Amino acid sequence: MAGPLTDIRVLDLSRVMAGPWCTQLLADLGADVIKIERREIGDDTRQWGPPWLKDTDGNETKEAAYYLSANRGKQSLTLDIATDEGRQIVRDLAATSDVFIENFKVGDLADKGLGYDDLAAINPGIIYCSITGFGQTGPRATQAGYDYLIQGMAGLMSITGVADGDPGAGPQRVGLAVSDLTTGMYSTIGILAALNHREKTGDGQHIDMALLDTQVGWLANQAQNYFTSGSPPVRTGARHPNVAPYQPFKTLDGHVIIAIGNDGQFRRFCKHVGQEELADDARFKSNSDRVLNRAALADIMQGHIEKRPSHDWMEELPKIAVPCGPINTMDQVFAEPQVVAREMKAEVAHPLAGTMAVVANPLKFSKTKIEYDKAPPTLGQHTDDVLSRILGLSGEEIARLRKSEII
């Protein structure tokens, strides 16, 4: 059965991560995604290597891993939108599209006659999603915003990193571009909601997405901790601010994470290590007690855990319903039996590499199964096909556009 968005066409004028992550999700769901790229250069991330994908002979292709991570399932059409004819092609494609996604600076596309009002006049049902660092309004609206900057501004780095007073103290960025990725995910949610609204009313609309808004909205319990207590949360390193014990511990040969979320789990752990009296200790009887006395509790637990290898704890604690797991490196992640069983690594045919591995989409549908049948496209791979199939241009017209450096 075809994907749930198989009848939806998406015109993608975004680049780097947030927008492409959104359109990759839509492509995974079956949408027909047309990625508009600059002639000869393409998406900025095509140059963000190494590492580079290797072809079937083992030679580097200059297809950067960063680009490959966010662009499967799409078609690439190269186009110079600085030209009148290039912009008209965008309008013609928008007239047949359901969704339009862009991450240009505020006002840039409107200046080119490709803003929401311009395209809505052609296609009133179009869903137009703009993704920027700071949104379409506010004092920073015209400024460029990047993930690292947003992680700092939105407070994420103030709660990420080693606690003050501990060795190596200081704020740290998260190891992924989380502001970009979550903005891409929220954009997908917004687009799906807008499509449902259009189904009922026939009306399209403009969706204004900002990395800063998304990251602030993603502060979740930490923001609520601040609203409730009046005190800004601080960095707690590897420890959880609201639950204890909920942190890594050193074992005889490595580390494990023990994540105890309720009193029953804590009591079972105490019994397992032969110290049932700890569960009745006034310092540790409830989670709130354990949070207030987390350092003393961690020291006691560490004395037990460091005497045995990681495997023993990961084998035994889950059997008594006490959550325990490893800190996996990337190779260990994709060798993890549960990850393998859930098929979180997929293979897709690639025109240069033969096949390439991709991280699978975590959505598991009972009927509309996600198919991995389109690799991240090479630059301009589908230009001729899109122009002929969708706009009906002849081979002679396409050749003229190429000679004129429009495509």
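**Topic: the packing of aromatic side chains**
Taken as a whole and assessed by the stated rule, the structure comprises five aromatic pairs. Ring plane angle 25 degrees and centroid distance 4.7 Å describe the contact between Phe100 and Tyr128, whose orientation is recorded as stacked. Pair noted here: Phe100 is in strand β6 (residues 99-102) and Tyr128 is in strand β7 (residues 127-132), with a separation of 28 residues, a long-range link. The pair Phe100 / Tyr128 is uniform in exposure class, with both members buried. Ring geometry for Phe269 versus Trp313: centroids 6.4 Å apart, planes at 35 degrees, classification tilted. Residue Phe269 is found in helix α10 (residues 263-272), and its partner Trp313 is found in helix α13 (residues 310-316); the two are separated by 44 residues along the sequence.

**Here we look at the sheet that holds strand β5 (residues 74-78)**
Judged by pairing direction, the sheet is parallel, and its six strands sit side by side in the order β5-β2-β1-β6-β7-β10 without closing on themselves. With one partner strand each, in any of the chains shown, β5 and β10 (205-210) form the two edges of the open sheet. Strand-to-strand twist in this sheet, taken as the mean axis angle between neighbours without regard to direction, amounts to 20 degrees. Here four bridges tie strand β1 (residues 9-13) to strand β2 (residues 32-37), and the two strands are oriented parallel to one another. Note that in β2 the partner of Leu11 across the bridge is Ile34. The strands touched by helix α3 (residues 84-95) are β1, β2, β5 and β6; relative to β1, the strand with the most contacts, the crossing angle is about 150 degrees.

**A closer look at the sheet that holds strand β13 (residues 324-325)**
Sheet strands associate in pairs through backbone hydrogen bonding, adopting either a parallel or an antiparallel arrangement. If you walk across this open sheet you meet the three strands as β11-β12-β13, and the pairing is antiparallel. At either margin of the open sheet sits one strand with a lone partner, and together these are β11 (246-250) and β13. Two elements, β11 and strand β12 (residues 255-259), share five bridges in a ladder whose sense is antiparallel. From the neighbouring strand, Lys250 faces β12, where its bridge partner is His255. Lying on the sheet, helix α12 (residues 294-305) is in contact with β11 and β12; it crosses β11 at an angle near 40 degrees.

**Points about the pattern of salt bridges**
Taken as a whole and assessed by the stated rule, the structure comprises 22 salt bridges. A salt bridge links Lys74 to Asp12; the nearest nitrogen and oxygen atoms lie 3.8 Å apart. With Lys74 in strand β5 and Asp12 in strand β1, this pair connects stretches of sequence that are 62 residues apart. As far as burial versus exposure is concerned, Lys74 and Asp12 are alike and both buried. Where Arg15 meets Asp44, a salt bridge forms, and the shortest distance between an N and an O atom there is 3.6 Å. One end of the pair, Arg15, is in the loop between β1 and α1 (18-28); the other, Asp44, is in the loop between β2 and β3 (52-54), with 29 residues separating them in the sequence. On the basis of relative accessibility, which here comes to 27%, the residue Asp44 falls in the partly exposed class.

Thresholds, definitions, all that
Residues numbered from 1 in each chain as written. Predicted model: local features only at pLDDT ≥ 70, side-chain atom pairs only at ≥ 80, totals over all residues. Heavy atoms only, no water. Phe/Tyr/Trp six-rings, centres within 6.5 Å; stacked < 30°, edge-to-face > 60°. Helix = DSSP H or I, 4+ residues; strand = E, 2+ residues; numbered from the N terminus. Buried < 20%, exposed > 50% of the residue type's maximum accessible area, 1.4 Å probe, protein only. Pairing = 2+ DSSP bridges. Axes fitted to C-alpha atoms, helices over the stretch in contact; angles between N-to-C directions. Contact = heavy atoms within 4.5 Å. Salt bridge = Lys/Arg side-chain N within 4 Å of Asp/Glu carboxyl O.

By themselves, these are just geometric observations and shouldn't be taken as functional.
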